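Per-entry structural report
Each chain is listed here by its residues.
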Amino acid sequence: MAYLSSAVRTAASRQMPVSGRNIRLRCFSSGAGQTTEKSVPYHKTLKEESPQGQGPTRPLPKSADVVVVGGGSLGCQTIYHLARMGVSDVVLLERDRLTSGTTWHTAGLLWQLRPSDVEVELLAHTRNVVSKDLEEETGLHTGWIQNGGLFIASNKQRLDEYKRLMSLGKVYGIESYVLSPAETKDLYPLMNVDDLYGTLYVPKDGTMDPAGTCTTLTRAATARGASVIENCPVTGVQVRADDLGVQRVAAVETNYGTIQTPCVVNCAGVWARALGQMAGVNVPLVAMHHAYVVTERIEGVQNMPNVRDHDASVYLRLQGDALSVGGYESNPIFWEEVSEKFAFGLFDLDWDVFMQHIEGAINRVPVLEKTGIKSTVCGPESFTADHKPLMGEVPEVRGFFLGCGFNSAGMMLGGGCGKELAHWIIHGRPEKDMYGYDIRRFHRSLTANNRWIRERSHESYAKNYSVVFPYDEPLAGRNMRKDPLHEELLQQGCVYQERHGWERPGWFNPRGAAPVLDYNYYGAYNQKPHGSYLYNQLLGDEYTFDFPPHHDIIKNECLTCRNALAVFDMSYFGKFYLVGPEARKAADWLFTADVSKSPGLTVYTCMLNKRGGVESDLTVSQISPGPQVSSLTPAFEGDGYYLAVGGAVAQHNWSHIATVLQDMGLQCKLVDCSEELGMISIQGPSSRMVLQEVLDADLSNEAFPFSSHKLVKAAGCTVRAMRLSFVGEMGWELHVPKQDCVRVYRAVMKAGAGHGITNAGYRAIDSLSIEKGYRHWHADLRSDDTPLEAGLAFTCKLKSSIPFLGRGALETQKATGVLQRLVCFTIDEKVPMFGLEAIWRNGKVVGHIRRADFGFAINKTIAYGYIRNPDGGPVSLEFVKSGEYMLERMGATYPATAHTKSPFDPENKRVKGIY
C-alpha cells in the first residue's frame, strides 16, 4: 500500500519542489512503495471485453437527420435532448463502448456557482436532468449524490471572489453560505482550518456517476426513437459543395457502411481534432494527462461535502468512505500522439508531476498523511485556449457542429450544453447566449495555429484555479496579430490587452514601455523564467476587487478626453466590405436600421437572429466605387457598404453575415480588409480644432455633420474620415491604409501637442462609453437580448415596410411588452463594481449587473443590468421608475439610483459639437 506522505517523500528525494516551497515532513515510515494499481473508483463502468472482430451493436441506417459522433457525456446529452425536442431520426456512433474515451474516468463533480450567469444556468439544467428529469422519465437512478460543495479561501481576495459568486447565486435561488473557519470545522471536522480566511458552502452541489448518467440518457433517447450504435468507428466525413460553392456535410463513413446526413455533431472529446480533419475542419484543442488518486477508507469522511481548495490547486471528492484527490498543475503532460485505439485506458501516473497537489491535500485534511492510496487514475482530457468548450456550427463547413473541448467539465456542463447544442442544430442558434463557447469566437487565423493553441491551453489549464480578476490578461499566445501602430504606442508606454489574437491598447503606463515577452510556461518544462517582467508586474498589481492601482491613470485618460482630446488606436476593429448586385437586398435584410439612405452617411445598427436577439452592433457606411481600387475604395458592381465591428467579435460577425448570405443565395460578397486598414479615433472638445490642421476638409457641423463620412487627405494620405464617437464626445475616426498609419498618427499628435492631447486605451473607452450609455456587445447587449429590451429601438426600421431578420419577433414583443429591460444604475458610495452584482427592487431580487465601471466625469460607479418583474409581467418604464433599488456587492448592499436616460449628457449634445 502507498501513502500520500510517501509520495511526497519520493518527490522530495528527487529534489522536486512542491508549490515552490520546501516540505517539512512528519517522520512517518511506510514500507509500501507507490501503488501501481490503476482503476477508477466507480462500482460499475461500461467497460466490456469485446470479441475480436465484433462489429456494430446494430445495423447502420442508410440516412439520418443528425449523426452524433462520440458516446461520452456530451454525445449522450446531445442525442437525449435532440430526441426530447422531437428529432427522432438521430444516430449516435461510438467507436468502442459508451464513455470509453474520457468520460468513464471523470471525477463527476458538479459545482453550481461559476463567475458567469450563463454557466450558472447551464449547470442548473445539468443538475435538474441528472437529479430529477431522467429518473422521472425512466425510473432509473443516474447515480447522483447531493453531498454539497465547499470552496476554501485562504486569503481575502479569494473570499471576495466567493462572495461575488454568492451574490450571483441569489439571482438564481442557489443556496450558499459564507462560513467562518470555526463553522467550517463544525461542518467538516477532519479539515484543518488554522490557515483559513473563510469558506463558501453550497449544500446542493454534488457528484455524478458517468456510467449511470450516460446509460440512463441513452435509454431515454432510444425510447424516443433515437439510435445508439457502439463498436462503430467513423472513418470519414463526406463534404460537398452546393451550387453556390458552399461546403456542406453530406455523409458519415464507417467500415460498416455510410450514413447520408446533412448534420454531423463532433462530440469526440480528445479525438475531436482527428474527426474534424476528416471534414477539413480545424478543432483547436489539445490533449493532456489529467489525474487523481483514490484513497483507502477514511474514518469520519462519510457524507462530507466535496472540497475545492483553489489556492492549493487541489480538490477532494467524496468517494463513499474515501476521497479522490486531484488538481491542476503548472506542468501537465501533453498527449502528443493521440491513439485512435485508446479505450477505457489509463496512463501510469507521473508522481513528479502529480505530487505538487499532495502537500495541499495533506495540509487541508491532515489525516491524509497516514492514509493509503488505493489506486491512481490518470487519463486523457481535452483542453482549449480559454478553458471553455467548443460548440456550434463551424465556419468552414455547414452542418458540421462541435460539442467538444470541455476541459474536464463535460459531465457538469453536459446537460446544459447538450440542450443548447440540440436547439442550435434544430433552430440554427441556441436559446442562451453561448458566444463564450461558440467556435466562432476564435479568429480563423488562430484555430490552426498550433503554437497559439498549445500555449494558451497550457496557461488556461495551469490557471484554472486562479482567482478570476476583472483586468487579468493572458501571457500565452501573445503578439499574434499586431496593428500598424503597435511599436509606436509600445514605446509610449502602451500596456496591451489581448483579444482573440489582436494586441489592442489597454492603458498607457507613465513608467515607459512594458512589452509582452515570449511565453515561458511559467517556468515549467525547463523553460527559463523571465527576470524583470514589467508587463507581468503591472498585471499582478491589479489583482484586486477594489479600485485598481492604475485607477488614477485611467481617470486622467478619461478626463482629458472629456475636457480636451484623446487619441484611441482602434485598429483591431473588423473592417468588411459588403458589395455586389444584391448587396442592398442583403443590407436591408441583415441590418435593423435603414443603411441605404444615401452614400456619405454612417449608421449605427444591429444585426439580429430569428428570435430578435442581437447578434452584433456595428456601424455601416454606404459607399460608392472609387476611381482607383484600394483598401479604401474596392471595385464592385451594384451597391457597396463598409462595415466596422469590434475586433474581438469580428469572426462572429463575419460568420453570421456569411451564413445569412448563404441561406439567402444572394449575389454579393463579403470582403475582409481588417489587416489592410488601421483605425485612429480622435475624440474630445478640441478634436475639430486639432484635426482641422491635419485634414484637408471642412469639419464644421454644416459641412461634416455627425454620422457622416468622407474620403479626405490627412498629412498627404487618403483616409476615410467618419464623424462618430464611442465615448460620447465630438470626434472623428480615421480609417487609414496600414502603410500610412504611423504618418497620420504622428501628424495628429503633433497638431494636438498644444491642446493637451493624450493617448488613451480601451480601459478608458470602457469607462467613457458606459458613462454615456453606449452598449458593449456581449456585455450589456447579447444574442439573447433584443433591441427593445436594450433601449435600442431607435436602431430598428419598424416604421418602414422593409423586412429584416428578426422583425417579426420584435413586432410581437412590441405588442406584448418586454419581459426584461436594461437599466442604468448609479451608486453614490464610491465602491467598485465589475458585473454579476445582484439587483434588488423593493426587497426582491430582479436581476444582476451585466457591466459596470467607474464614471470619472460624474464621479460615480455606473452599472447596467436587466431587470424582470417578479410577478412575471412586462417591465414598463413606469415599473423601472417606481422601484427602490439596492445593488449587492460581495454580500453587502448599496443604495442605487435607476436612470431611464444616460446620466452623462442625456440630451446628446456633445457628439454634435454643442459644448
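My aim in this report is to walk through the structure given alongside it, one point at a time. (Residues numbered from 1 in each chain as written. Predicted model: local features only at pLDDT ≥ 70, side-chain atom pairs only at ≥ 80, totals over all residues. Heavy atoms only, no water.)

Side note on the packing of aromatic side chains
Counted only if it meets this: Working definition: a ring pair exists when centres of Phe, Tyr or Trp rings (six-membered ring for Trp) sit within 6.5 Å. Plane angles under 30 degrees give stacked, over 60 give edge-to-face, the rest tilted. Going along the chain from the N terminus, every DSSP run of H or I of four or more residues is numbered as a helix, and every run of E of two or more is numbered as a strand. With a 1.4 Å probe rolled over the protein chains alone, any residue whose accessible area is under 20% of its type maximum counts as buried; one over 50% counts as exposed, and the rest are partly exposed. Each ring is checked for a lysine NZ or an arginine CZ that lies within 6 Å of its centre and within 35 degrees of its normal; such an atom marks a charge sitting over the ring.
In total, this model carries 31 aromatic pairs according to the counting rule given. Considering the side-chain rings of Phe-469 and Tyr-543, the 4.9 Å spacing of their centres and the 5° angle between planes classify their relative orientation as stacked. Linking Phe-469 in the loop between helix 11 (450-462) and helix 12 (486-490) with Tyr-543 in the loop between helix 13 (534-541) and helix 14 (551-563), this pair joins segments that are 74 residues apart in sequence. Since its relative accessible area comes to 10%, Phe-469 is described here as buried. Judged by centre distance (5.2 Å) and plane angle (75°), the rings of Phe-576 and Trp-654 are edge-to-face. Here the residue Phe-576 occupies a position in strand 24 (residues 574-580), and Trp-654 occupies one in helix 16 (residues 650-664), the gap between them amounting to 78 residues. What links up through ring pairs into an aromatic cluster is the set Phe-334, Tyr-519, Tyr-521, Tyr-522 and Tyr-525. Positioned over the ring face of Trp-654 is Arg-444, at 5.0 Å from the centre of the ring. The ring centre of Tyr-762 lies 4.0 Å from the NZ or CZ of Arg-504, which sits over that ring.

What about helix 3 (residues 117-138)?
Put simply, the rule reads: By this rule, a helix spans an expected 1.5 Å times one less than how many residues it contains. To obtain the bend at a residue, axes are fitted to the seven residues ending there and to the seven starting there, and the angle between these axes is taken.
With 22 residues, helix 3 ought to run about 32 Å at 1.5 Å a step, and its terminal C-alpha atoms sit 30 Å apart, in line with that. When the local axis directions of helix 3 are compared, the greatest deviation, roughly 45°, occurs at Val-129. Count one or two residues on from helix 3 and you reach Gly-139, which has phi positive near 80°.

Looking at the sheet that holds strand 30 (residues 709-714)
Filter applied, for reference: One bridge is not enough; two strands pair if DSSP finds at least two bridges between them. In this analysis, axes come from line fits to C-alpha atoms, helices being fitted only over the stretch in contact, and the angle between any two N-to-C directions falls in the range 0 to 180 degrees.
Across the sheet, six strands lie side by side as 30-31-32-29-23-33; this open sheet has mixed pairing. Only two strands of the sheet have a single neighbouring strand rather than two, namely strand 30 and strand 33 (758-760). Taking the axes of each pair of neighbouring strands and ignoring which way they run, one obtains an average angle of 30° across the sheet. Two strands pair when backbone bridges link them, and strand 30 and strand 31 (residues 717-722) are joined in this way by six bridges, in the antiparallel orientation. Its bridge partner lying in strand 31, His-709 is registered against Met-722.

A short note on the sheet that holds strand 12 (residues 257-260)
Read across the open sheet, the three strands follow the order 10-11-12; overall the sheet is antiparallel. Pairing within the sheet leaves two strands with one partner each, and these edge strands are strand 10 (234-241) and strand 12. Strand-to-strand twist across the sheet, computed as the mean angle between neighbouring axes with direction ignored, equals 30°. Relative to strand 11 (residues 247-254), strand 10 is paired through seven bridges, and the arrangement is antiparallel. By the bridge assignment, Ala-241 is partnered in strand 11 with Gln-247.

A few points about helix 16
For clarity, the threshold we go by: Note on definitions: a residue-residue contact is assigned when non-hydrogen atoms from the two residues lie within 4.5 Å.
Between its terminal C-alpha atoms helix 16 stretches 21 Å, which fits the 21 Å expected from 15 residues at 1.5 Å a residue. Along helix 16, eleven of the 15 residues are buried, which leaves the element largely enclosed by surrounding structure. Contacts from the buried residues of helix 16 go to strand 24, helix 15 (583-590), strand 25 (602-608), strand 26 (614-623), strand 27 (639-645) and strand 28 (669-672). At the exit of helix 16 stands Gly-665, carrying a positive phi of roughly 65°.

Describing the pattern of salt bridges
Two side chains carrying opposite charge are able to pair once their charged atoms lie near each other. Here is the rule: Whenever Lys or Arg places a side-chain nitrogen within 4 Å of a carboxyl oxygen from Asp or Glu, that contact is recorded as a salt bridge.
Counted according to the given criterion, the structure contains 44 salt bridges. A salt bridge links Glu-455 to Arg-451, with the shortest nitrogen-to-oxygen separation between them at 3.2 Å. Separated by four residues within a single helix, Glu-455 and Arg-451 lie in helix 11, roughly one turn from each other. Linking Asp-780 and Arg-851 is a salt bridge whose minimum nitrogen-to-oxygen distance equals 3.0 Å. Taken together, the positions of Asp-780 in the loop between helix 19 (762-772) and helix 20 (807-816) and Arg-851 in strand 36 (residues 844-855) put the pair 71 residues apart, joining distant regions of the chain. Each member of the pair, Asp-780 as well as Arg-851, carries the same accessibility label: buried.

Details of the pairing of strand 37 (residues 860-868)
Here strand 37 lies mainly inside the structure; seven of its nine residues are buried. In the sheet, strand 34 (residues 820-827) pairs with strand 37 via eight bridges, with the strands oriented antiparallel. Paired with Phe-825 across the strands is Ala-863, a residue of strand 37. Sheet analysis places strand 36 next to strand 37, joined by eight bridges and oriented antiparallel. If you follow Ala-852 over to strand 37, its bridge partner there is Ala-863. Joining the antiparallel neighbours strand 36 and strand 37 is a turn of four residues, in which Asn-859 adopts a positive phi near 60°.

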